[in-house]
Amino acid sequence: MCSVPPPPHMLGGVALAVIAASSSIGFAAGPPIGGILTQYLSWHWIFLINIPIGIIGIPFVHKVIPPKDPPLAGEKAPPFDYAGAVTLFGAMVFGIFAIKEIAILSITDPLILVSTTLCVICLSLFVIRELTTPSPFINIRIFTKWQFSAVTVAFLLINIVFMGVIYLLPFYLSAEMNFDMAKSGMYLLIPPLLVTCIISIPFGRLSDMYGRRWFVIAACLLLIVFNAIFAVILPEAGTISLIIALILMGAVFGIASGPASSRIIETAPKGEEGTGSSLMITTIYLGGVIGTALYAMIFTLATASDGVVAFADLDSATFLSGFHGTIMVGLIISMIPLFLSAIVKDEKKVYK
């Protein structure tokens, strides 16, 4: 049967592919671009380059983002939930700090104990606040729908694993492959710029026509495959296996960005699609931060048998052992989003 264009309400995969892929590309492209700037200019340019970008962005944002619609006559705009925003921010800050520093300070260190306690307190206050206020920062009751929770957690874990690997790769390329910062940066631009940005929109369009689920499953399988490659990769193997793994990394988000983000919105309870959209973006950035902190913790624990040593000062055998062990943990984590994505069927009818 020949395909016909889907109706307008089914075109979300293309738009969301652009949004999700743009966020992921920015996250993944930042470190390699920083390496290139440091190699040819100086580390100061990592910060200085943001000044012209910010200046250019001001009139662009003013032009593109429409003004907020005023409330209808007789209606009052709901108040912003400052308490919910502050407690959620506190929970994330204290929790991520504890994850990142626990390998260096130990679990019994007073700073870790205080940070963990504050994280639990902030998270508890956030939940209480969101369940009792009429205008919550996030309507957490949305997570009572298990399909929504499953696809959201799956997308979060994909981002955690992806950014965790992105965090470790520059150390592998410099310590084991003997690449300078510029060369490392060029290799690390392969996933976001040469793969994700090219295939994300076509796969978003295909998911609009044929459904989301199998595209996300395919992306999760590629997530497992590239982690399996990095779990055994050796510098003696040269650059072929490295390039293949980097291409597969880019393919993960190129395939998943539209379908996975669309599933979050489409499985959200009726009337909560806006909340689903906000949480979809949040999973990308939160996943990136958690992935970086988690992989740093695991790698440090794996290489700190004789005390914590800077990554660059580790001997080759210790570094590779820690690198492969950390990636192996990510490989195990990668199986969870595959399962979660497989058990949730598409909720909307597709058109062929």
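Note: the structure precedes this text.
For clarity, every value in this text was computed on a predicted model and none was experimentally measured.

Some details on the pattern of salt bridges
The final tally for this structure, using the stated rule, is five salt bridges. Between Asp208 and Arg212 there is a salt bridge, with its nearest N and O atoms 2.7 Å apart. Across the pair Arg263 and Asp346 runs a salt bridge whose closest N-O atoms are separated by 3.4 Å. On the criterion of sequence distance, the pair formed by Arg263 in helix H10 (residues 240–266) and Asp346 in the segment after helix H12 (316–343) is long-range, its members being 83 residues apart. One salt-bridge network, held together by shared partners, links Asp208, Arg212 and Glu266.

Description of the nonpolar core
Phe230, Leu246, Met249 and Phe323 are the most contacted members of the largest nonpolar core, which totals 73 residues. Those elements giving two or more residues to this core turn out to be helix H4 (82–105), helix H6 (146–175), helix H7 (181–188), helix H9 (213–232), H10, helix H11 (273–303) and H12. The element best represented in this core is H6, accounting for 18 residues. In this structure, Phe323 is in contact with Leu168, Leu169, Tyr172, Phe230, Ile233 and Phe299, ignoring residues within four places of it in sequence.

Brief notes about the layout of surface pockets
Quantified by volume, the largest pocket comes out at close to 740 Å³. The set of elements that each furnish at least two residues to the lining of the largest pocket consists of H4, helix H5 (110–132), H6 and H11. In the lining of the largest pocket, the residues fall into 21 nonpolar, eight polar and no charged.

Here we look at the packing of aromatic side chains
Per the counting criterion, the structure on display carries 12 aromatic pairs. Between the aromatic rings of Phe226 and Phe230, the centroid separation amounts to 6.2 Å while the plane-to-plane angle is 80 degrees, which identifies the pairing as edge-to-face. Here Phe230 and Phe226 lie together in helix H9, a separation of four residues that amounts to about one turn. Both residues of the pair, Phe226 and Phe230, count as buried. Through successive ring pairs, a cluster of aromatic residues spans Tyr172, Phe299, Phe319 and Phe323.

Observations concerning empty space enclosed by the protein
In the structure shown here, the tally under the stated rule is two cavities of 30 Å³ or more. For the largest cavity, the calculated volume is near 40 Å³. What lines the largest cavity is Val151, Ala154, Phe155, Ile158, Val216, Ala260, Arg263 and Ser341. Contributions of two or more residues to the lining of the largest cavity are made by H6 and H10. Here the lining of the largest cavity gets four residues from one element, more than from any other, and that element is H6.

Looking at the packing of H6 against H11
For the pair H6 and H11, interaxial distance at closest approach is 6 Å and the crossing angle is 40 degrees. Put simply, H6 runs oblique to H11. Here the hand of the crossing between H6 and H11 comes out right-handed. Classifying every residue of the contact of H6 with H11 gives 18 nonpolar, nine polar and no charged.

Re H6
Compared with the 44 Å implied by 1.5 Å per residue over 30 residues, the 43 Å span of H6 between its first and last C-alpha is a close match. For H6, the principal kink sits at Leu168 and spans about 30 degrees; a proline, Pro170, occurs within the next four residues. Extensive coverage of H6 is indicated by the burial of 22 of its 30 residues.

Cut-offs used in this document
- Residue numbers restart at each chain and count upward from 1, following the sequence in its written direction.
- Where totals are concerned, whole chains, interfaces and linings use all residues; where local detail is concerned, this predicted model gives features only for residues with pLDDT of at least 70, and gives and counts side-chain atom pairs only at 80 or more.
- In computing side-chain properties, one takes all heavy atoms of the structure into account and sets aside hydrogens as well as water.
- In the sections that follow, a salt bridge refers to a side-chain nitrogen of Lys or Arg positioned within 4 Å of a carboxyl oxygen of Asp or Glu.
- The numbering of helices and of strands both runs from the N terminus, where a helix is a DSSP run of H or I of at least 4 residues and a strand a run of E of at least 2.
- Throughout this description, the term nonpolar core refers to a set of buried Ala, Val, Leu, Ile, Met, Phe, Trp, Tyr and Cys residues connected via side-chain atoms within 4.5 Å.
- Note on exposure labels: buried denotes an accessible area under 20% of the residue type's maximum, exposed denotes more than 50%, and partly exposed covers the range between, all computed with a 1.4 Å probe on protein chains only.
- Whether two residues are in contact is decided by their heavy atoms: any pair within 4.5 Å suffices.
- Here a cavity denotes a set of grid points, spaced 1 Å apart and computed over the protein atoms alone, in which a 1.4 Å probe fits but from which it cannot get out, and a pocket denotes an open set meeting protein on both sides within 12 Å along at least five of seven lines; residues with an atom within 4 Å of a point are reported as lining.
- Grid points are joined across faces, edges and corners, and a volume is the space filled by probe spheres set on the points.
- Basically, the charged four are Asp, Glu, Lys and Arg, the nonpolar ten are Ala, Val, Leu, Ile, Met, Phe, Trp, Tyr, Cys and Pro, and anything else, Gly included, counts as polar.
- When the centres of two rings from Phe, Tyr and Trp lie within 6.5 Å, Trp using its six-membered ring, the rings pair. Their planes under 30 degrees apart give stacked, over 60 give edge-to-face, and anything left gives tilted.
- Between the N-to-C directions of two axes lies an angle of 0 to 180 degrees, each axis being a line fitted to C-alpha atoms and, for a helix, fitted only over the stretch in contact.
- Angle categories are assigned with fixed cut-offs, so that under 35 degrees is roughly parallel, over 145 is roughly antiparallel, 65 to 115 is roughly perpendicular, and the rest are oblique.
- It is the rotation of the near helix from the far one that decides the hand of a crossing: anticlockwise by less than a right angle makes it left-handed, clockwise makes it right-handed.
- Helix span, expected: 1.5 Å multiplied by one less than the number of residues in the helix.
- The angle between axes fitted to the seven-residue stretch ending at a residue and the seven-residue stretch beginning at it gives the bend at that residue.

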